[in-house]
Amino acid sequence: MDGFSDQLMIQYLDPARVHSLLVPPDDPEKNRLKSLLASVYQPNTLEVRVLDKVRIVSTRFQAPVKAPVAVRGSWEKLLPDIAQARAVVEIPGVGPPLWIDVALDTEVTARVALTEGALDSLASEDLTGLSPEEFVARFSFLDLAELMRRSKVADYQELQAEFPRLYRLHFANPPPYDPSAPGRIYRLRVSVLIFPGLDDLVGVMRRLVQSRQALDETRPCPDVYDGGVLLAAGAWLAVFPASALPDLDPTGMRQRVNDLLATDGFVTAFETNS
């Protein structure tokens with residue numbers, strides 16, 4: 001039980017220690033928890049203003065993940081009878097499993113603000129009798145060339161044929177942020193991988209990417225949630241020993257490692273084994 005991973009798993013038997021991993025005592029703004037939440041939930045109509053608390057629902061150690069293998073095939077029969085078939089079959093992964101050192105299921109309570117108001121009015125304009133010059137004069141807020149490109153039409157006449165009416169939606173201003181309003185609860189799965197040092201960051205990134213891909217394939221998530229888009233099945237936290245930081249410029253090295261892993265949506269922590 002001399003290894004860094006072994007000692008941390010023993011310490012994480014204490015729920016208070018797990019809580020401090022997600023919300024360190026020197027992080028009053030809960031920035032680490034905000035980063036974990038943002039790596040999964042991408043808001044479109046909501047903005048997270050304040051994280052109130054996190055509740056740890058369950059803690060599991062050394063959880064295996066084995067992604068299925070997709071096998072694609074096709075069958076085709078030619079004359080005199082033409083027939084064609086395609087199929088995709090998933091079979092269990094045949095390689096060794098990947099291991100999540102600590103798998104956490106949590107509930108995060110957040111106070112949010114709406115960034116968009118409700119639909120206030122709907123208006124439409126007939127395009128069939130407008131020339132391109134009249135269209136530009138009438139709808140100066142639109143880029144006609146960009147509109148045709150997005151509509152995948154070759155010219156203005158084709159645009160008129162495909163979309164004879166142009167609809168304008170007007171949304172009301174969002175309500176002001178109410179800090180006393182009840183918070184929203186977000187379910188957040190946090191997968192923790194523990195690394196012994198900083199001497200193989202290439203291996204660290206590859207293990208994180210491979211593990212996340214496997215989990216996303218075995219536990220697919222919906223494309224959207226009420227307020228935005230789901231980016232992944234869960235958040236990923238890479239834990240390193242604080243003793244791995246160099247004596248010279250430890251803060252700079254910590255930030256560089258944080259920045260490197262953040263480029264792919266991973267969050268970093270440096271822990272002591274005391």
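Residues numbered from 1 in each chain as written. Predicted model: local features only at pLDDT ≥ 70, side-chain atom pairs only at ≥ 80, totals over all residues. Heavy atoms only, no water.

## Quick notes on helix 1 (residues 4–11)
Looking at helix 1, one finds that the buried residues are Phe 4, Leu 8, Met 9 and Gln 11. End-on view of helix 1: buried residues confined to an arc of 160 degrees, all on one side of the axis. Where helix 1 is buried, its residues touch helix 2 (15–22), strand 2 (46–65), strand 5 (98–114), strand 8 (184–194), strand 11 (235–241) and strand 12 (267–271). (Buried < 20%, exposed > 50% of the residue type's maximum accessible area, 1.4 Å probe, protein only. Helix = DSSP H or I, 4+ residues; strand = E, 2+ residues; numbered from the N terminus. Arc of directions from axis to C-beta. Contact = heavy atoms within 4.5 Å.)

## Observations regarding the packing of helix 2 against helix 3 (residues 31–38)
Direction vectors running N to C along helix 2 and helix 3 enclose 75 degrees, while the axes themselves pass 7 Å from each other. The angle between helix 2 and helix 3 places the two elements in the roughly perpendicular class. For the pair helix 2 and helix 3, contact is made by Ser 20, Leu 21 and Leu 22 and by Arg 32, Leu 33 and Leu 36, respectively. (Axes fitted to C-alpha atoms, helices over the stretch in contact; angles between N-to-C directions. Parallel < 35°, antiparallel > 145°, perpendicular 65-115°, else oblique.)

## Looking at the environment of Phe 266
With respect to the secondary-structure elements, Phe 266 resides in the loop between helix 8 (250–262) and strand 12. With 61 residues separating them along the chain, Phe 266 and Met 205 place their C-alpha atoms 9.0 Å apart. In contact with Phe 266, not counting residues within four places along its chain, are Leu 208, Val 209, Arg 212, Trp 236 and Leu 261.

## Considerations on the confidence of the model for the chain
With 78% of its residues at a pLDDT of at least 70, the chain reaches an overall mean of 82. By mean pLDDT, the top-scoring element of the chain is strand 11 (97), and the lowest-scoring one is strand 6 (residues 119–126) (57). Below pLDDT 50 for its whole length, residues 117–121 participates in 16 contacts with residues either more than four positions away or in separate chains. (pLDDT = per-residue confidence, 0-100.)

## So, the sheet that holds strand 11
The pairing of strands in a sheet comes from backbone hydrogen bonds and takes either a parallel or an antiparallel form. Strand order in the open sheet formed by five strands is 2-5-8-11-12, with mixed pairing between adjacent strands. In this open sheet, the two strands that pair with only one neighbour each are strand 2 and strand 12. With strand direction ignored, the average angle separating the axes of adjacent strands in the sheet is 30 degrees. As defined by bridge partners, strand 5 adjoins strand 8 across nine bridges and the pair is classed as antiparallel. Residue Asp 105 lies in a different strand from strand 8, and its bridge partner there is Arg 189. In this fold helix 1 packs onto strand 2, strand 5, strand 8, strand 11 and strand 12, with an angle of close to 115 degrees to the strand it touches most, strand 11. Across the sheet, helix 8 touches strand 11 and strand 12, and the angle it forms with strand 12 is around 150 degrees. (Pairing = 2+ DSSP bridges.)

## Some words on the nonpolar core
Counting 30 residues, the largest nonpolar core has Leu 33, Leu 36, Leu 188, Val 190, Val 192, Leu 237 and Val 239 as the members making the most contacts within it. Of all the elements in the fold, those that place two or more residues in this core are helix 1, helix 2, helix 3, strand 2, strand 5, strand 8, strand 11 and strand 12. At five residues, strand 8 tops the list of elements feeding residues into this core. Within the second largest apolar cluster, 20 residues are counted, among which are Leu 193, Phe 195, Leu 245 and Phe 266. (Core = buried A, V, L, I, M, F, W, Y, C linked by side-chain atoms within 4.5 Å.)

## Remarks on the packing of helix 7 (residues 201–218) against helix 8
Contact geometry for helix 7 and helix 8: axes closest at 11 Å, N-to-C directions at 35 degrees. By crossing handedness, the relation of helix 7 to helix 8 is classed as right-handed. Residues Leu 201, Val 204, Met 205 and Leu 208 of helix 7 form the contact with helix 8, whose participating residues are Val 257, Leu 260 and Leu 261. Residues of the contact of helix 7 with helix 8, tallied by class, amount to seven nonpolar, no polar and no charged. (Left-handed = near helix turned anticlockwise from the far one by under 90°. Nonpolar A, V, L, I, M, F, W, Y, C, P; charged D, E, K, R; others polar.)

## Focus on helix 7
Relative to the 26 Å expected for 18 residues at 1.5 Å per residue, helix 7 spans 26 Å between its end C-alpha atoms, a close match to the ideal helical length. Listed in full, the buried residues belonging to helix 7 are Val 204, Met 205, Leu 208, Ser 211, Arg 212, Ala 214 and Leu 215. Summarising the contacts, the buried residues of helix 7 are in contact with strand 2, strand 5, strand 8, strand 11 and helix 8. (Expected span 1.5 Å × (residues − 1).)

## Some details on the side chain of Arg 212
Inspection of the secondary structure assignment puts Arg 212 in helix 7. Residues in contact with Arg 212, not counting those within four places in the same chain, are Trp 236, Asp 264, Gly 265 and Phe 266.

## Concerning the pattern of salt bridges
As enumerated under the stated definition, the model contains eight salt bridges in all. Ionic pairing is found between Glu 107 and Arg 55, a salt bridge with its closest N-O pair at 3.2 Å. With Glu 107 in strand 5 and Arg 55 in strand 2, this pair connects stretches of sequence that are 52 residues apart. Put simply, Asp 264 and Arg 212 hold a salt bridge, and the shortest N to O gap is 3.0 Å. Of this pair, Asp 264 sits in the loop between helix 8 and strand 12 while Arg 212 sits in helix 7, and the two are 52 residues apart along the sequence. Taking relative accessible area as the criterion, Asp 264 reaches 29% and is therefore assigned partly exposed. The class for Arg 212 is buried, based on a relative accessible area of 17%. (Salt bridge = Lys/Arg side-chain N within 4 Å of Asp/Glu carboxyl O.)

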